[in-house]
Amino acid sequence: MKHRKTRTLRMMVVAAVVALAVASCGSDASPDDTSSDAGSDTSTEAATDAATSDAATSEGAEETAAESGEPVEIDWWHIQNNDPGLADWQAMADAFMAENPNVTINITPMENEAFKAALQTNLQSGDVPDLFQSWGGGSLRQQVEAGLVRDITDLSSGWIDQLSPATTGIHQVDGVQYGIPYNAGVFGFWYNQDLWTEAGLDAPADTWEGLLEQVQTIKDAGITPIAVGAGDKWPAHFYYGYLMIRAGGEEAMNALAETSDFTADNVITAGEEVLRLVELEPFQDGFLGAGWDAPDGESGTMARGDAAMDLMGQWAPGAFKTQAGVEPTDDLPFELKWAPFPTLEGGAGAPGEVFGGVDGFVVGKDAPDEAVDFLEFLTNEENQETWATSSGLPVNPDAVDVIEDPQMQQVLEALNGADFLQIALDQYFSPEVGAAINDQTALLFAQETTPEEAGQAITQVAGG
Amino acid sequence: MASTTTPRTGRGSGRRSGNSRHPGRPRWHTIALLLLPALVLYAVFVLYPIVQSMRYSLFDWNGFGPLDTFIGFDNFARALASGEFRAAVGHVTFLIVASLVVQLPFALGLALLLNSKIKGRALLRTVFFAPYVLSEVVTGVVWRQILRPDGLLDQSLQAVGGESLIQGWLSDPDVVLASLFFIISWKYFGLHMVLMLAGLQGIPKDLTEAASIDGASAWESFRYVTLPLLGPTIRVSAFLSVIGSLQTFDIVWVTTKGGPIGASSTMATFLYDQFRRSLFGYASAVSIIIFILCLVVALFYQRLVLRQDVEGVGAGA
């Protein structure tokens, strides 16, 4: 009797386990799983969003709303989820709300990756935030084609000229303005002067050949020459991309955008030069699995003084300080300097043709006019000065004089002196093509592919 | 999860009322009424998404544009031809085989040890089971810190003169999958050990006693008495391992994101990557393929292996 009971019990357990397992297998395979995960983070946002779009259904009502001061809400998604940016932007929103009592700004700060996942879900459901982070490029084009973002050409025409024209172009698609930049910079080498001096060197050479020699010298001195987060892929793509620009110049990059043919000469040359660099084994241990911003990543390695340089944007010093546990206003325990990317012998690219990134906010399809007013406020001289002092580089030329850090001044100079700005390739092309470029870069860094095969693989995805 | 299990309860209650029913129609109205909430939930949260993803899988779609580029089964063809997807399937197969060949015997051995009367048995059981209590993300974060270059493991190896053994545990494409298998096993062997222990304790002592009286050696008694009686438990344990391996995502995503260069990708990380690339049509096709693979494996296993254990119970799942 007792025996039988245990058997029934066991059978029940087995049945329950099987049911659970099959059920979880099924639910895991359901494609909406990932999006519903991300969606749950934003369900409250979605609710407020819906409220906003209800409040701003008709364009005509908005016009009068602006005049009569009827209450409007602006949902603002940004990725400054750490101080000082987080607090600065809250303060700017508060100031704007104080000036415009009818406006309520709901801020949703998110970590970069979480933001991308959440935005994807909201775009899909049509609940577009009124203002959200954008790097322009292929993603913006997709959003424009789906009618998810608002044409602000007229609304911004009165004041957009106060911003640097090279940067406002990033959030245009076919000549129509959809967003406003707030931050811009070019990529370059951030180097640890102490380690360079230790290796008997002064500063990065201005030619690629010279730089490769220096890398060898630093390595011979027992120092890791370069930190790179090849596990995140995009930090590695800075080398691949910058070498493409150096090899072919503006003309070749424009051709690349037009034809999507990544078997072009400048891409192949870039691949070959990447391999020459990789063959020197200049990177920190475990670089293939390392991310950009982590204790065991590129920023952590640089912050500990374990590598002599890395190729990164203007946000690098801030990240190093965070990793080193240093206050944003204090200095790192070593001297950090900046140098532009070297030129490539025989390449058509000139020093004035630079690789960089521009951050901005695009305006959602249902956003009230006040959202654009807020962008004007956000990029005025005073607020851009706040931004430039604590977080990044301004796109408002009036705000540049607050930048006292000589390294940042150099980055700014490179940006303002640029004849051609190519934004990061993984942002410039569609997400799919961008990912293919990153994937192939990682393979190059692992020496698992050839420059020709890498070019062909990207071309296949890009449809060139 | 909740919604998938509700219909089972629903069916159970249907059967019960079937046993005690009076002949006549009104019963069915009641049944239908009681089933309705569960069925609606099931339809909305399980059936509808599955049908939708089947629809999406036939389009070239970036997630928010108009759904108008019908491409038939191209997405499926692309997935099946994709080297990266095949690699992911290969990695999952490795995890399944390694789990069955290494993890389960290890858990069984431990269970046998801890089933005998040794000192500190309760403590050891708790210690071995403890990793299972941790969430996958916590496990992944902790192990990433231990296995990182110059992390705890490397430093420990250095301290005992084992420098030559140091590897790029999570950064060497040739090593990373083995590292991940180790982490997964570390987390899950405790569960299988407890399952086996439960199974062992369900085996009446008199049987092994009888065997030893008949002159069976310890090995013979294990091989011919314990093992066959433990069969149902082992089969369930193996099934859990297989299903778990098929779904592996969290630990991999936290430790390596499927990298470096895709060397530790699983079907689930590959799928997630496609969503991140805004390839919703393609990703839907991939998810359907994974769904079918899971279903086929689960059904086959049930029909062929679990059948003898769960005669009649799991037949309709």
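Positions within a chain are numbered from 1, following the residues in the order the chain's sequence is written. For naming, the first written chain is A and the first written ligand is 1, with later ones following in the order written. Confidence filtering applies because this is a predicted model: local features only for residues at pLDDT of at least 70, side-chain atom pairs given and counted only at 80 or more, and all residues used for totals across whole chains, interfaces and linings. Just so you know, side-chain values use all the structure's heavy atoms and leave hydrogens and water out.

Asks: What is the right way to read the overall build of chain A from this model?
Replies: Counting its secondary structure elements, chain A contains 20 helices and 11 strands. The buried share of chain A, reckoned over its 464 residues, is 56%. Each accessible area is a Shrake-Rupley estimate made with a 1.4 Å probe; only the visible protein chains count as cover when residues are assessed. Total accessible area on chain A stands at roughly 18,300 Å², and carbon and sulfur atoms take up 48% of it. In this text, helices come from DSSP runs of H or I with a minimum length of four residues, and strands from runs of E with a minimum of two, each type numbered from the N-terminal end. Classification of residues uses two cut-offs on accessible area relative to the type maximum, computed with a 1.4 Å probe and protein chains only: under 20% is buried, over 50% is exposed, and between them is partly exposed.

Asks: Mind showing me how you'd approach the overall build of chain B here?
Replies: In terms of regular secondary structure, chain B is built from 13 helices and 0 strands. Listed N to C, the secondary structure of chain B is α-α-α-α-α-α-α-α-α-α-α-α-α in terms of helices and strands. When the 317 residues of chain B are sorted by exposure, 44% land in the buried category. Counting only contacts in chain B whose residues sit at least 6 apart along the sequence, the fraction spanning at least 24 positions is 67%. The contact definition used throughout considers only heavy atoms, calling two residues in contact when any of these lie within 4.5 Å.

Asks: Sorry, what's going on with the sheet that holds strand β7 (residues 188-192) of chain A here?
Replies: Strand pairing in a sheet relies on backbone hydrogen bonds. The paired strands run either parallel or antiparallel. All names here are of chain A. Ordered by their spatial adjacency, 3 strands build an open sheet running β8-β7-β9, and the pairing between neighbours is antiparallel. In the strand order of this sheet, the two ends are held by β8 (309-312) and β9 (336-339), each with one partner. Sheet twist, expressed as the mean angle between neighbouring strand axes with direction ignored, is 30 degrees. The pairing criterion for strands is at least two bridges between them, as found by DSSP. Here β7 pairs with β9 via 4 bridges, running antiparallel. Counterpart to Asn-192 in the pairing with β9 is Leu-336. Fitting a line to C-alpha atoms yields each axis, with helices limited to the stretch in contact; the angle taken between N-to-C directions then spans 0 to 180 degrees. The sheet contacts of helix α11 (residues 234-259) involve β7 and β8, and relative to β8 the element is tilted by about 85 degrees. In the packing of helix α17 (residues 406-416) onto the sheet, contacts are made with β7 and β9, and the angle to β9 comes to roughly 15 degrees.

Asks: Quick question: what am I supposed to make of the pattern of salt bridges here?
Replies: For side chains bearing opposite charge, pairing can occur when the charged atoms are close. Residues and elements named next belong to chain A. Here, a salt bridge means any side-chain nitrogen of Lys or Arg that lies within 4 Å of a carboxyl oxygen of Asp or Glu. Under the definition given, this model contains 12 salt bridges over all chains. Ionic pairing is found between Lys-233 and Asp-439, a salt bridge with its closest N-O pair at 2.8 Å. Of this pair, Lys-233 sits in the loop between α10 (208-220) and α11 while Asp-439 sits in helix α19 (residues 431-445), and the two are 206 residues apart along the sequence. Bridged by salt links that share partners, the residues Glu-209, Glu-273 and Arg-276 form one connected network.

Asks: Just to check I follow, could you spell out the environment of Thr153(A) for this structure?
Replies: Residues and elements named next belong to chain A. Tracing the backbone through its elements, the reader meets Thr-153 in helix α7 (residues 153-156). Take Thr-153: its relative accessible area is 28%, and that puts it in the partly exposed class. Each C-alpha atom, one on Thr-153 and one on Tyr-178, is 7.1 Å from the other, the two residues being 25 residues apart in sequence. Among residues more than four places away in sequence, those in contact with Thr-153 are Val-176 and Gln-177.

Asks: Just to check I follow, could you spell out the environment of Glu273(A) for this structure?
Replies: Residue and element names in this part refer to chain A. Tracing the backbone shows Glu-273 in helix α12 (residues 265-279). Considered as a pair, Glu-273 and Tyr-239 are 34 residues apart in the sequence and their alpha carbons are 9.1 Å apart. With residues up to four places along the chain from it excluded, the contact list for Glu-273 reads Trp-208, Leu-243 and Leu-344.

Asks: Looking at this structure, how should I read the environment of Gly147(A)?
Replies: Inspection of the secondary structure assignment puts Gly147(A) in the loop between α6 (137-145) and α7. Measuring from C-alpha to C-alpha, the distance between Gly147(A) and Gly126(A) comes to 9.6 Å, with 21 residues separating the pair along the chain.

Asks: Can you walk me through the pairing of strand β3 (residues 131-134) of chain A in this structure?
Replies: Residues and elements named next belong to chain A. Across 2 bridges, strand β1 (residues 72-78) lies against β3 in parallel orientation. The partner of Trp-76 across the bridge, within β3, is Leu-131. Sheet topology places β3 next to strand β10 (residues 353-363); 4 bridges connect them, and they run antiparallel. In the strand pairing of β10, Phe-132 is matched with Val-362.

Asks: What is the right way to read the packing of helix α9 (residues 205-213) of chain B against helix α10 (residues 218-247) of chain B from this model?
Replies: For any two helices packed against each other, the geometry is given by the interaxial angle and the distance between the axes. Residue and element names in this part refer to chain B. The N-to-C vectors of α9 and α10 enclose an angle of 160 degrees; their axes lie 10 Å apart at closest approach. One way to sum up the angle between α9 and α10 is to call them roughly antiparallel. In the crossing of α9 with α10, the sense of the turn from one axis to the other is right-handed. Within the contact between the two elements, α9 uses Leu-207, Thr-208 and Ala-211 and α10 uses Ser-221, Val-225, Thr-226 and Leu-229. Considering only residue class, the contact of α9 with α10 consists of 4 nonpolar, 3 polar and no charged. For this classification, under 35 degrees means roughly parallel, over 145 means roughly antiparallel, 65 to 115 means roughly perpendicular, and everything else is oblique. Crossing chirality is assigned from the near helix's rotation relative to the far helix, an anticlockwise turn below a right angle marking it left-handed and a clockwise turn marking it right-handed. When residues are sorted by character, Ala, Val, Leu, Ile, Met, Phe, Trp, Tyr, Cys and Pro go into the nonpolar class, Asp, Glu, Lys and Arg into the charged class, and all the rest, Gly among them, into the polar class.

Asks: Would you take a moment to explain the packing of helix α4 (residues 83-115) of chain B against helix α8 (residues 176-201) of chain B for this structure?
Replies: Residues and elements named next belong to chain B. Contact geometry of α4 with α8 gives a least axis separation of 7 Å together with a crossing angle of 45 degrees. Considering the angle they form, α4 stands oblique to α8. Once α4 is placed against α8, the crossing between them reads as right-handed. Grouping the amino acids of the contact of α4 with α8 by side-chain chemistry returns 21 nonpolar, 7 polar and no charged.

Asks: Even after reading the chapter, I still don't get the nonpolar core, so can you show me in this structure?
Replies: Across soluble globular proteins, nonpolar side chains have a tendency to be buried as a group. Core analysis: the largest hydrophobic core is formed by 112 residues, its most contacted members being Trp76(A), Ile105(A), Tyr240(A), Phe262(A), Phe320(A), Phe374(A) and Phe445(A). The element that contributes the greatest number of residues to this core is α11(A), accounting for 11 residues. Mapping this core onto the domain boundaries places at least three of its residues in each of domain 1 (72-184 + 357-421) and domain 2 (188-355 + 423-462) of chain A. Only buried Ala, Val, Leu, Ile, Met, Phe, Trp, Tyr and Cys residues count toward a nonpolar core, and they belong to the same one when joined by side-chain atoms within 4.5 Å. Counting 46 residues, the second-largest nonpolar core is a separate cluster that includes Leu110(B), Phe222(B), Val236(B) and Phe239(B). For each domain, the first and last residues come from an automatic or database assignment.

Asks: Help me out: how do you make sense of helix α3 (residues 74-81) of chain B in this one?
Replies: Along an α-helix, residues three or four positions apart point the same way, because every turn accommodates 3.6 residues. Among all positions of α3(B), only Asn75(B), Phe76(B) and Ala79(B) are buried. Buried residues of α3(B), seen end-on, are gathered within an arc of 100 degrees and therefore sit on one face of the element. Directions pointing from the helix axis toward each C-beta atom define the arc.

Asks: Would you mind going over unusual backbone geometry with me for this structure?
Replies: Where the residue is not glycine, phi is negative for most of them; where a peptide bond is considered, it is trans in most cases. Of note, the amide linkage connecting Gly259(B) to Pro260(B) takes the cis form, showing an omega dihedral of -5 degrees. Structurally, Pro260(B) is set in the loop between α11 (250-255) and α12 (267-276). Despite not being glycine, Gln447(A) has its phi angle at roughly 55 degrees, a positive value. On the basis of relative accessibility, which here comes to 43%, the residue Gln447(A) falls in the partly exposed class. Residues other than glycine seldom take positive phi values, yet Lys257(B) does so here, at roughly 55 degrees. Within the secondary structure, Lys257(B) is located in the loop between α11 and α12. Using a relative accessible area of 38% as the deciding quantity, one classes Lys257(B) as partly exposed.

So far we have only geometry, and geometry alone does not tell us how the molecule works.
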